[in-house]
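# Structural description and commentary
Here are the chains, one letter per residue:
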Amino acid sequence: MFGRFPGAEGTTTATLSTGETVPLTRAPDSYQHDIGHDFFSGLRVVNGGAMDGFDLIPGGRDGSPFTQYRKADIPGYWRYAQEFVLADHMYSSMYGPTIPEHMFTVAATAGRIVSNKLTPEDGDGLYCEDVRERFYKLQKHPDLIKWERNVQIKRIEQLLKAVQACIDVDTIFPELEDAGVSWHYYGQRTQFHNALLAIDEIRNTSRWDNVVDPARFIEDARAGELPQVSYVLPPTVFNDHPHSPDRSMCVGENWSIRQINAVMKGPDWDHTAIFVTWDDFGGLYDHVEPPVVDDMGLGPRVPLLVISPYAKPGHISHTTYEFSSFLAFLERLFDVAPLTARDRNANDLFDAFDFSQEPNEPLIQEPRPESGPAAHPVCRGI
């Protein structure tokens, strides 16, 4: 998304597994199919640090990973990067995929889960609500990091164990409550991407009441009724996933703009920090080797925007962050103890701010025109 952004560590070419160098072509608004971004695809693309395995993952043979957006394709996201902070060394917490990555944003761990859910053949259940659903859990082994660096998939697969898709991990939310900090998780209660459905501490307690429809976010923001901490998960049709023709990067960007505009127009803007990120690399090419912090990751880079009156204007942060950095930020802000080694060691994002500067003004942007049904909107002219 920001591989061509001036001053950021980007590239316009890619290296294939054959050693050949190819140009990165212009990304489409909608992809025709998914691209591999599971745990093992992450290992393959990193390839021990060579970053040359993107043509070996599912969906990679047709060149889909070797695409990138221009400023004209995502003008809203670029404008935020120009006016606020773009972090160009933000990494996914794992080699993939979606659900365990989301768990890291609230727990600084995924309980060693390395897969999305394995859905029963007779229908799509809801994690903790369906005892038949399973995750793959990766058991520990002293040679695991070495096997990962050498992409010894068969050996690693022997460490997989199927477990119920309802995980016992500690999240940040009880700690926030003990500190008197209010919170909401704005996410659809039946959405595949809502990882809180799979966390026992949330789904099977009264904290589930704090999981509310994301359609409420704009109204709450405009009314000044946001809690102190908000997680906002876009509905599936707006999530920027390079998955199929019914997803649009333009439509996803429009959704993000509407949420951010609501905060900027509301009464809370002058004391708000907004972090915009994406949950994994999506199978798309990157040339930067992720640091190895443990046997889960880090995984390939993802974009991160930091938007606030006190975000350093026009700043590109080269600091290493991961999803646990959000927890480190909250823990420092509200004087809360870390949950795991990950958030204890993560950079806490405070270096993206200057609290002595003249506050940034709101940046109100206009979404691009859309048409089509609500379930499958498209941007006109794309």
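Below or above, wherever it landed, is the structure these notes cover. Nothing here was measured: the structure is a model prediction, and the numbers come from that model. (Residues numbered from 1 in each chain as written. Predicted model: local features only at pLDDT ≥ 70, side-chain atom pairs only at ≥ 80, totals over all residues. Heavy atoms only, no water.)

### Overview of the packing of aromatic side chains
To keep things clear, this is the line we draw: Ring pairs shown here join Phe, Tyr and Trp side chains whose ring centres sit within 6.5 Å, with only the six-membered ring taken for Trp; geometry is labelled stacked below 30 degrees between planes, edge-to-face above 60, and tilted in between. Numbering of helices and strands runs from the N terminus, with a helix taken as a DSSP run of H or I at least four residues long and a strand as a DSSP run of E at least two residues long. Burial classes follow relative accessibility: with a 1.4 Å probe on protein chains only, a residue under 20% of its type's maximum area counts as buried, one over 50% as exposed, and anything between as partly exposed. Distance and angle both matter: a charge sits over a ring if NZ of Lys or CZ of Arg is within 6 Å of the ring centre and within 35 degrees of the ring normal.
In the structure shown here, the tally under the stated rule is 25 aromatic pairs. Between F173 and Y231, the ring centres sit 5.6 Å apart and the planes meet at 75°, which makes this aromatic pair edge-to-face. Remark: Y231 occurs in strand 10 (residues 229-232) and F173 occurs in helix 6 (residues 172-178); sequence separation between them is 58 residues. Among the residues examined, F173 registers a relative accessible area of 0% and is labelled buried. When the centroid spacing of 5.5 Å and the interplanar angle of 45° are considered together, the rings of F275 and F326 count as tilted. Placement of F275 in strand 11 (residues 274-277) and of F326 in helix 10 (residues 324-334) is noted, with a sequence separation of 51 residues between them. Given a relative accessible area of 11%, F326 falls into the buried group. Within the aromatic cluster, the residues linked to one another by ring pairs are F275, Y310, F323, F326, F329, F350, F353 and F355. Over the ring of Y127 we find K117; its NZ or CZ atom is 4.3 Å from the centre of that ring.

### Details of the pattern of salt bridges
How we decide: The salt bridge criterion pairs a side-chain nitrogen of Lys or Arg with a carboxyl oxygen of Asp or Glu, the two atoms within 4 Å.
Per the stated rule, a full pass over the model turns up 15 salt bridges. Of the charged contacts in the structure, one is a salt bridge between E370 and R258, with a shortest N-O distance of 3.5 Å. Placement of the pair is E370 in strand 14 (residues 370-371) and R258 in helix 9 (residues 249-265), with a sequence separation of 112 residues. Since its relative accessible area comes to 33%, R258 is described here as partly exposed. Connected via shared salt-bridge partners are D294, E322 and R342.

### Description of the environment of V212
Defined as follows: A contact between two residues is defined here by any heavy atoms of the two lying within 4.5 Å.
Following the sequence through the fold, V212 ends up in strand 9 (residues 211-212). With 197 residues separating them in the primary sequence, V212 and T15 have C-alpha atoms 43 Å apart. For V212, the residues in contact, after removing those within four places along its chain, are H184, Y185, Y186 and G187.

### Comments concerning the state of the cysteines
In protein structure, a disulfide is the covalent linkage between the sulfur atoms of two cysteines. Rules: Note on disulfides: each one is a pair of cysteine sulfur atoms within 2.5 Å.
Considering all chains together, one arrives at two disulfides under this definition. One disulfide bridge connects C128 with C166, the sulfur atoms lying 2.0 Å from each other. Handedness of the C128-C166 disulfide follows from its S-S torsion of about 90°: it is right-handed. Of this pair, C128 sits in the loop between helix 3 (98-107) and strand 6 (134-138) while C166 sits in the loop between strand 7 (160-164) and helix 6; the two residues are 38 residues apart in sequence, bridging distant segments of the chain.

### A few points about the side chain of H89
Note the following rule: Counted as a polar contact is a pair of N or O atoms within 3.5 Å, where, for protein atoms, one must be capable of donating a hydrogen and the other of accepting one, and residues adjacent in sequence contribute only when both atoms are in side chains.
Summarising the element assignment, H89 is placed in the loop between strand 5 (85-87) and helix 3. Given the relative accessible area of 12%, H89 is considered buried. Of the polar contacts made by the side chain of H89, one reaches the side chain of E9; its length is 2.6 Å. In this structure the side chain of H89 is engaged in a polar contact, spanning 3.1 Å, whose partner is the side chain of Y91. Not counting residues up to four positions away in its chain, the partners in contact with H89 are E9, V288, R301, S317, H318, T319, T320 and Y321.

### Observations concerning the environment of S182
Counting through the fold element by element, S182 comes out in the loop between helix 6 and strand 8 (183-186). A relative accessible area of 32% places S182 in the partly exposed class. The contact partners of S182, leaving out residues within four places of it in the chain, are P227, Q228 and V229.

### Examining the sheet that holds strand 12 (residues 304-307)
We count it as follows: If DSSP finds at least two bridges between two strands, the strands pair. Angles run from 0 to 180 degrees between N-to-C directions of axes, and those axes are lines fitted to C-alpha atoms, restricted for helices to the stretch in contact.
With mixed pairing, four strands are arranged side by side in an open sheet as 11-12-5-13. The strands lining the two open edges of the sheet, one partner per strand, are strand 11 and strand 13 (315-317). Going from strand to strand, the sheet's axes swing by 20° on average, the running direction of each strand aside. As judged from the three bridges shared by strand 5 and strand 13, these two strands associate in the parallel manner. For V85, the partnering residue across the bridge sits in strand 13 and is H315.

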